[in-house]
Amino acid sequence: MLEVKIYITLKKTVADPQGLTIKHALESLGYHNLGEVRIGKLISMKVNSRDRKEVGQRIEEMCQKLLANPIIEDYTFQIEEVK
Amino acid sequence: MRFGVVVFPGSNCDQDCFYVVNDVLKQPVRYIWHKDTKLDNFDCIILPGGFSYGDYLRTGAIARFSPIMNSIIDFAQKGGIVIGICNGFQILLESGLLPGAMLRNTTLHFICKYVYIKTENTKTPFTNLCKKNQILKIPIAHNEGNYYTDEAGLKNLDKNRQIAFHYCSADGEVNKEHNPNGALANIAGIINKQGNVLGMMPHPERSSEKELGSEDGLLIFKSIIKWIGNKS
């Protein structure tokens, strides 16, 4: 069994008001020297396969078709073996 | 002249659209269930507002793959008249029938209020009864109406006269102060290059009777009826 973790974030060129609001909240709690804060989504998925390459290709396809919107979002993913 | 109103799970403006076409304008209209796969004999398809599939993942992202969408894409590509209102606009963006994408409102609030929009192109099936630069009072109700496209995309919209409406003040000034949601260049509605598909965030079906505070929305439905009447 493989477990895939897909991270979806707004492109760097797209403003992220949620990230900015979180940064301000952290600063008001006394956490200073923060750089840019950005928020994203994590999708985790178990796949009944041992073929990392084939699973990687299918996940890439899923991201392009549905999971991410390439106009506003970037995505990356990791594949790990689980029991 | 036959209208079809598509019903997705989570649509909630479908009955308002149906009511305006059927009861206010006395035109034939039918509901189309999202699981249907064929469109028979419609002149105009309305994708209504609401929260299709609970806005899960991204607004419109899942509805875009409903069984009926293949037929709607085909209908639009053959020149059929399609109007997407609010969530309907978001579905049109996700399906690629219109360019760009929606982001969350910059205020991070759901905004529900009357706004003013300026008609920028009156030579479309949806605005042909509007006067040049006519200001319409129509309400918005959304959390993701912050229209986005890249610089080249915006240039194309301008060049091809695809911007149908800009958010503006009561006297027609288009500026940041009268941009409710952060939308790029105050864009409230766009058409496709061919001009037969419109997406708009404001709700014309909620402003089609005097009792509701404005009947400016009727101009859009009446324009469609006139356009199709002239064609047939």
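Analysis parameters
- Residues numbered from 1 in each chain as written.
- Chains lettered and ligands numbered in written order.
- Predicted model: local features only at pLDDT ≥ 70, side-chain atom pairs only at ≥ 80, totals over all residues.
- Helix = DSSP H or I, 4+ residues; strand = E, 2+ residues; numbered from the N terminus.
- Rg over C-alpha atoms; globule rule 2.2 N^0.38 Å.
- Buried ≥ 20, exposed ≤ 12 C-beta atoms within 10 Å, placed from the backbone.
- pLDDT = per-residue confidence, 0-100.
- Core = buried A, V, L, I, M, F, W, Y, C linked by C-beta atoms within 7 Å.
- Contact = placed C-beta atoms within 7 Å.
- Pairing = 2+ DSSP bridges.
- Axes fitted to C-alpha atoms, helices over the stretch in contact; angles between N-to-C directions.
- Nonpolar A, V, L, I, M, F, W, Y, C, P; charged D, E, K, R; others polar.
- Expected span 1.5 Å × (residues − 1).
- Right-handed = clockwise from strand over helix to strand, strands pointing away.

Can you walk me through the overall build of chain A in this structure?
Along its length, chain A carries two helices and three strands. When the helices and strands of chain A are placed in sequence order, the string is β-α-β-α-β. Relative to its length of 83 residues, chain A is extended, with a C-alpha radius of gyration of 16 Å against a globular reference of 12 Å. When the backbone C-alpha atoms are referred to their principal axes, chain A occupies close to 45 × 30 × 15 Å. Among the 83 residues that make up chain A, the fraction classed as buried is 12%.

Just to check I follow, could you spell out the confidence of the model for chain B for this structure?
Interpreting fine coordinate detail is not advised for predicted regions of low pLDDT. Per-residue confidence for chain B gives a mean pLDDT of 97, with 100% of residues at or over 70. Complex prediction metrics read pTM 0.95 and ipTM 0.90.

Just checking my understanding: could you explain the nonpolar core for this structure?
Note that soluble globular proteins tend to have their nonpolar side chains buried in a common cluster. Membership of the largest hydrophobic core comes to 72 residues, with the highest contact counts inside it found for B:Val5, B:Val6, B:Ile45, B:Ile46 and B:Ile117. Apart from the residues within four sequence positions on either side, B:Ile46 is in contact with B:Phe3, B:Gly4, B:Val5, B:Val6, B:Cys17 and B:Ile83. With six residues, the next largest nonpolar core counts A:Ile8, A:Ile59, A:Leu67 and A:Ala68 among its residues.

How do you make sense of the sheet that holds strand β2 (residues 40-47) of chain A when you look at a structure like this?
Residue and element names in this part refer to chain A. The strand order β2-β1-β3 describes an open sheet built from three strands, whose pairing is antiparallel. Only two strands of the sheet have a single partner each, and these edge strands are β2 and β3 (73-81). Direction aside, neighbouring strands of the sheet carry axes that sit 15° apart on average. Here strand β1 (residues 2-10) pairs with β3 via nine bridges, running antiparallel. Bridged to Glu3 within β3 is Glu80.

Looking at this model, I keep getting lost on the sheet that holds strand β4 (residues 81-85) of chain B. Mind explaining?
In sheet architecture, strand pairing relies on hydrogen bonds along the backbone and comes in two forms, parallel and antiparallel. Residue and element names in this part refer to chain B. Reading across the sheet, the nine strands line up as β2-β1-β3-β4-β11-β10-β9-β6-β7 and stay open at both edges, with mixed pairing between neighbours. Whereas interior strands pair on both sides, the edge strands pair on one side only; in this sheet they are β2 (29-33) and β7 (135-142). In this sheet, neighbouring strand axes are inclined to one another by 25° on average, regardless of whether the strands run parallel or antiparallel. Pairing of strand β6 (residues 111-119) with β7 involves eight bridges; the strand directions are antiparallel. Paired with Tyr116 across the bridge in β7 is Lys137. Sitting on the sheet, helix α2 (residues 69-77) touches β3 (44-47), β4 and β11 (197-200), and the angle it makes with β4 is about 125°.

Honestly, the interface of chain B and chain A in this entry has me stumped. Any pointers?
A common way to report how large an interface is uses the accessible area buried once the components associate. On the chain A side, the residues contacting the nine residues of chain B number eight residues. Of the residues assigned to the side of chain B that touches chain A, the class counts are five nonpolar, two polar and two charged.

Sorry, what's going on with helix α3 (residues 87-95) of chain B here?
Given 3.6 residues to a turn, an α-helix orients residues that are three or four positions apart in the same direction. All names here are of chain B. Along α3, nine of the nine residues are buried, which leaves the element largely enclosed by surrounding structure. All of the buried residues along α3 are Asn87, Gly88, Phe89, Gln90, Ile91, Leu92, Leu93, Glu94 and Ser95. Elements in contact with the buried residues of α3: β3, α2, β4, β5 (101-103) and β11.

Looking at this model, I keep getting lost on the environment of B:Phe8. Mind explaining?
Residue and element names in this part refer to chain B. By secondary structure assignment, the location of Phe8 is in the loop between β1 (3-7) and α1 (14-24). Spatially, the C-alpha atoms of Phe8 and Leu47 are 8.9 Å apart, while their sequence positions differ by 39 residues. Not counting the four nearest positions on each side in its chain, Phe8 is found in contact with His34, Ser52, Ala63 and Ser66.

Just to check I follow, could you spell out helix α5 (residues 218-231) of chain B for this structure?
Look at α5(B): 20 Å from first C-alpha to last across 14 residues, which is about the 20 Å you get at 1.5 Å a residue. Those residues of α5(B) not exposed but buried are B:Leu219, B:Ile220, B:Phe221, B:Ile224 and B:Trp227.

Please clarify how the pairing of β1(B) should be interpreted in this entry.
Remember that side chains alternate between the two faces of the sheet whenever the strand is regular. Residues and elements named next belong to chain B. Among the five residues that make up β1, five are buried, leaving the element largely enclosed by the rest of the structure. Taken together, β1, α1 and β2 constitute a β-α-β crossover, and its handedness is right-handed. Pairing analysis gives three bridges linking β1 to β3, with the strands arranged parallel. Directly across from Phe3, in β3, lies its bridge partner Cys44.

Is there a simple way to explain the environment of B:Asn196 in this structure?
Residue and element names in this part refer to chain B. With respect to the secondary-structure elements, Asn196 resides in the loop between β10 (187-191) and β11. Residue classification places Asn196 among the buried positions, given that 22 C-beta atoms sit within 10 Å. Placed 70 residues apart in sequence, Asn196 and Phe126 show a C-alpha to C-alpha distance of 8.5 Å. Discounting residues that sit within four places of it in the chain, Asn196 has contacts with Ala76, Gly79, Gly80, Ile81, Val82 and Pro125.

Help me out: how do you make sense of the environment of B:Ile140 in this one?
Residue and element names in this part refer to chain B. On the secondary structure map, Ile140 appears in strand β7. In this structure, the C-alpha to C-alpha distance between Ile140 and Val115, residues 25 residues apart in sequence, is 6.8 Å. If we skip the residues at most four places from it in the chain, Ile140 touches Ile111, Lys113, Val115, Gly145, Pro180, Met201 and Pro202.

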